[in-house]
Amino acid sequence: MKKNLIIGFLLVMFLIVVSGCGKTNPSSSQEQNNDKLPVAVSFQAMKEITEAVGKDHVEVNCVIPDGTEPHDFQPTAKDLTIISKSKLFIYNGLGLEKSWLDKVTAADDNKGLTLVEASKGATPMMVAEDNSDSKVTDPHFWLSVEGAKLEAKNIRDALIAADGKNKADYEKNYQEFAGKLDDLKKEYTEKFQNSKRHDFVTGHAAFGYLARDFNLKQNSVSDALLSGEPSAKKLKELTDYCRQNNVTTIFVEDMVNPKISETLATEVNAKTVKIYTLESSPDNLDYISALRYDLDKIYESLNS
C-alpha cells in the first residue's frame, strides 16, 4: 500500500514537470515578442515624425502629455520614468525643451540613453520677445516642410544607429515621408507664387519657418515663446495693419487661448480659423494631413 502511494506520488510529480516544460514563461515570451525599439519623444510632433520613419519597428511614448503646452512644461518623476525605459530620447531642440533637458541628462537611470536633437543642422530664426528688445531662437522648426524633412533625416539616422537590422525599412520609410513633404513643397510653392497677398496673421508666432519655406510673412498677436501678453502698442499696430491690408482671417492655434485673437478679429471685421501647431494630437490628422490643412487655410486666407 505504502509502495503504491509512493509510486502514485512520483507519477503525479512527473506529469507536473512534463506539462510545465511545454509552457513558456509569460514574461519571457513577452520580452521575445516585444522586439520593438523603445523610443521616448518630447511631444506630439516628434512622435508623428518618429512613427512615420520607424513605423512597426518602434514603440513611441510622449513625455509631454497630449493637450499640454510644451513651452511651459516641467516633467514629473513619472514623466522621467518614461524616458529611462527607452533606448532613445528624441527632442526638438532649438531651446524648446531647454528648461528641463538637464533633468534627463542628470538622471542616473539614463546613463545608457541616447539623446537625439531632431533639429540638429537647422538654420534657426531669431525672433523678438513681446515687450522686450531681446531676441530668442524660434523653436517651431517642425512646422516647416523643410524643417520636418531635416528632423525626419536626423531621426532616421538615430534609429539606424540603434537598430541596424532594420536599416532598409527606416531608409524606405524616410524616403516615403520625405517624398510627401517634397510634393507639398512643390504644390504650395506654385500656389503661393500666384496668391493675391503673401502675409497672414496668427495668434501665436509659430509659423515663421513655414512662412520662410514659401516666402510669406507672418504677423502675430503673441511672440513665438508665448512669453507674455502683447502690449497695447503692439495690438494697435496689428489692428491698423489688418485694416490697411484688408486682412479677413485671424488664425487661432489649437493650443493657445483664443481670446485676444478673437477680440482682434472682431475689431477688424475678420473671421477666426483654427490652425494646428502639432504640439498636440491634431484631430485625427496625421502629420502630413495636418500640415496640408494649415497650408490650405493659409492659402485660402491670402486669396479671400
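Keep in mind the model is a prediction, meaning the values are calculated, not measured.

Parameters at a glance
- Residues numbered from 1 in each chain as written.
- Predicted model: local features only at pLDDT ≥ 70, side-chain atom pairs only at ≥ 80, totals over all residues.
- Heavy atoms only, no water.
- Helix = DSSP H or I, 4+ residues; strand = E, 2+ residues; numbered from the N terminus.
- Areas by Shrake-Rupley, 256 points an atom, 1.4 Å probe, with all protein chains shown as cover.
- Contact = heavy atoms within 4.5 Å.
- Buried < 20%, exposed > 50% of the residue type's maximum accessible area, 1.4 Å probe, protein only.
- Salt bridge = Lys/Arg side-chain N within 4 Å of Asp/Glu carboxyl O.
- pLDDT = per-residue confidence, 0-100.
- Pairing = 2+ DSSP bridges.
- Axes fitted to C-alpha atoms, helices over the stretch in contact; angles between N-to-C directions.
- Phe/Tyr/Trp six-rings, centres within 6.5 Å; stacked < 30°, edge-to-face > 60°.

It is worth spelling out the overall build of the protein at this point. In terms of regular secondary structure, the protein is built from 11 helices and 10 strands. When the accessible surface of the protein is summed, it comes to about 15800 Å², and 51% of that surface belongs to carbon and sulfur atoms.

Relative to the assigned elements, N154 resides in helix α6 (residues 145-162). For N154, the residues in contact, after removing those within four places along its chain, are V116, E117, A118, S119 and K120.

With a phi close to 45 degrees, K55 is a non-glycine residue in the positive phi region. Along the chain, K55 turns up in the loop between α3 (44-54) and β2 (58-62). Given the relative accessible area of 38%, K55 is considered partly exposed. The phi dihedral of L94 is positive, around 55 degrees, even though this residue is not glycine. Mapped onto the elements, L94 comes out in the loop between β3 (88-91) and α5 (98-106). Assessed through its relative accessible area of 17%, L94 is described here as buried.

Applying the stated criterion across every chain, the model contains 17 salt bridges. Between D163 and K165 there is a salt bridge, with its nearest N and O atoms 2.7 Å apart. Across the salt bridge formed by K274 and D283, the nearest N and O atoms sit 2.7 Å from each other. For D283, a relative accessible area of 44% corresponds to the partly exposed category. Salt bridges here are not isolated pairs; linked through shared partners, they connect K153, R156, D157 and E171.

Once that is clear, we can look at the confidence of the model for the protein. Summing up the model confidence of the protein, the mean pLDDT is 86 and the portion of residues at 70 or higher is 85%. Of the regions scoring below 50 in pLDDT, residues 1-33 engages in 1 contact with residues more than four places distant in sequence or in other chains.

A few words now on the sheet that holds strand β4 (residues 114-117). Taken in spatial order, the 4 strands make up an open sheet running β2-β1-β3-β4, and their pairing is parallel. Each having just a single partner strand, β2 and β4 make up the two edges of the open sheet. In this sheet, adjacent strand axes meet at a mean angle of 25 degrees when their direction is disregarded. Contacts from α6 reach β1 (37-41), β2, β3 and β4, with the element oriented near 175 degrees to β3.

Our focus in this paragraph is the packing of aromatic side chains. As enumerated under the stated definition, the model contains 11 aromatic pairs in all. Relative to Y91, the ring of F89 lies with its centre 5.9 Å away and its plane at 20 degrees, an arrangement referred to as stacked. For F89, a relative accessible area of 0% translates into the label buried. One aromatic cluster in this structure is built from F73, F89, Y91 and W100.

On to α3, then. Among the 11 residues that make up α3, 9 are buried, leaving the element largely enclosed by the rest of the structure. Looking only at α3, the buried set comprises Q44, A45, M46, E48, I49, T50, A52, V53 and G54. Looking at the packing, one finds that the buried side of α3 touches β1, β2, β3, α6, α7 (167-193) and α11 (287-302).

Strand order in the open sheet formed by 4 strands is β8-β7-β9-β10, and the pairing between neighbours is parallel. On the outer flanks of this sheet lie β8 (217-222) and β10 (271-275), each paired with one strand and no other. Neighbour-to-neighbour, the strand axes of the sheet open up by a mean angle of 35 degrees, direction not taken into account. Pairing analysis gives 5 bridges linking strand β9 (residues 249-253) to β10, with the strands arranged parallel. In the strand pairing of β10, V252 is matched with K274. Sheet contacts for helix α9 (residues 232-244): β7 (199-204), β8 and β9; angle to β8, the most-contacted strand, approximately 140 degrees.

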